[in-house]
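# Chains, contacts and geometry: an overview
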Amino acid sequence: RGSATGMAITYLSEPEEALRIQGALALPDVFNVVADFAGDNYIQISELGLTVIGTLSIENVPLIPGVWEINRGSLTIDTDQDLVQGEASLRIPTGIDVLGGLGFLQGDLNFLSLGVSNLNKPIGATGAFLQSISGAIDNIAPAATEPINFTGGVGVTAGPNILISLPSFLGGDVGGALVELNVSGTIDIEHLEATGDLIIAGGLVSGTATAELNWTEGFLSATAALDALDGAIAFSGG
C-alpha cells in the first residue's frame with residue numbers, strides 16, 4: 001500500500017515541447033521507499049530525450065536479518081547536471097554502522113565519504129572512547145563550480161554512564177555518559193570551520209561551540225553557548 005502527493009502532469013511548449021511529471025510516491029510497506037519528484041524535482045520527456053531530477057530513498061532493508069542490514073540509503077539523480085550521488089548506512093555483523101557515499105559529476109568522481117559509528121573503542125589509556133568518525137571530500141570533479149572541501153566528524157564519550165534525578169521543573173531525570181563530545185569541521189582553500197556539541201552528565205549541561213580560522217582574511221573567531229538544568233542557567237562567550 002502506497003501514497004502519492006502532489007502528482008501532476010504538465011505540458012510545456014517552451015523552450016521545446018515536453019511532458020513533465022511531478023509528485024512524490026511513498027511505499028511504507030516496501031522498505032519505506034520514497035520517490036521524490038516534487039517541488040523542484042521532476043521527470044520530463046521531450047524530443048531532446050529524458051530528464052530526471054529527483055531522489056530515491058529506502059530504510060531498514062534486511063539483507064540478512066539481524067546481521068547485514070541497510071539502515072537507510074538515498075540516491076540523487078540530476079541528468080541536467082549529469083550528476084549521480086548515493087549514500088547509505090549499513091549495519092555489519094559486529095553491530096557497527098558503516099556510512100558511505102559516492103558521487104559522479106559529468107562522469108568524473110566528485111564526492112566520496114566514509115564513516116563508522118557505534119564503535120565504543122577506547123582511546124589509549126585516556127578513559128575516553130571513540131564512538132564515531134567520518135570524513136568526506138566534495139567538488140573534486142573538473143566540472144565542479146565550488147572549491148574542493150573536506151569535511152570530517154568525530155564523536156567521543158568519557159567517564160561512566162550516570163543517572164541524575166532532578167525535579168520536573170528542572171527537566172526531570174537525566175542520564176548518559178559523563179561527557180559526550182561531537183565535533184564536525186570543514187576545510188577548503190580559504191578557511192576552516194568547526195562546530196561541536198558538548199553534553200555533560202547526560203544533558204545536565206549542554207551546548208555548542210563554533211570556531212572559524214580564516215587564513216585568507218587573517219582572523220580566528222569562536223563562540224560558545226551552554227546551558228544547565230534544562231535552561232535554568234545559561235552562559236555564552238566569544
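Everything below is about the structure shown above.
My aim in this report is to walk through the structure given alongside it, one point at a time. (Residues numbered from 1 in each chain as written. Predicted model: local features only at pLDDT ≥ 70, side-chain atom pairs only at ≥ 80, totals over all residues. Heavy atoms only, no water.)

## Focus: the packing of aromatic side chains
- Summed over all chains, the structure comprises zero aromatic pairs.
- Sitting over the face of the ring of Tyr 42, Arg 20 holds its NZ or CZ atom 3.7 Å from the ring centroid. (Phe/Tyr/Trp six-rings, centres within 6.5 Å; stacked < 30°, edge-to-face > 60°. Lys NZ or Arg CZ within 6 Å of the ring centre and 35° of its normal.)

## A look at a nonpolar patch on the surface
- A cluster of nonpolar residues, Phe 150, Ile 187, Leu 192, Leu 213, Trp 215 and Leu 220, forms a patch on the protein surface that exposes about 570 Å² of accessible area.
- Take Leu 220: it is sitting in strand β16 (residues 219-228).
- For Leu 220, a relative accessible area of 64% corresponds to the exposed category. (Patch = residues over 30% accessible without salt bridge, like charges linked within 9 Å, V, L, I, M, F, W, Y side chains within 5 Å. Areas by Shrake-Rupley, 256 points an atom, 1.4 Å probe, with all protein chains shown as cover. Salt bridge = Lys/Arg side-chain N within 4 Å of Asp/Glu carboxyl O. Helix = DSSP H or I, 4+ residues; strand = E, 2+ residues; numbered from the N terminus. Buried < 20%, exposed > 50% of the residue type's maximum accessible area, 1.4 Å probe, protein only.)

## Some words on the pairing of strand β6 (residues 68-78)
- In the sheet, strand β5 (residues 49-64) pairs with β6 via 10 bridges, with the strands oriented antiparallel. When the sheet's bridge partners are listed, Thr 55 is paired in β6 with Thr 76.
- The antiparallel pairing of β5 with β6 creates a hairpin that spans three residues between the two strands, and Gly 66 there sits at a positive phi of about 80°.
- Where β6 meets strand β7 (residues 83-91), nine bridges bridge the pair, whose relative direction is antiparallel. Looking at the pairing, Thr 76 lines up with Gln 85 of β7. (Pairing = 2+ DSSP bridges.)

## Some points on the environment of Ile 64
- Tracing the backbone shows Ile 64 in strand β5.
- Taking the C-alpha atoms as reference points, Ile 64 and Val 84, separated by 20 residues in sequence, lie 27 Å from one another.

## Side note on the pattern of salt bridges
- With the rule as written, the count across this model stands at one salt bridge.
- Note that Arg 91 is salt-bridged to Asp 97, the shortest N-O span being 2.7 Å.
- Arg 91 gets classed as partly exposed once you look at its relative accessible area, which sits at 31%.
- Owing to a relative accessible area of 9%, Asp 97 belongs among the buried residues under this scheme.

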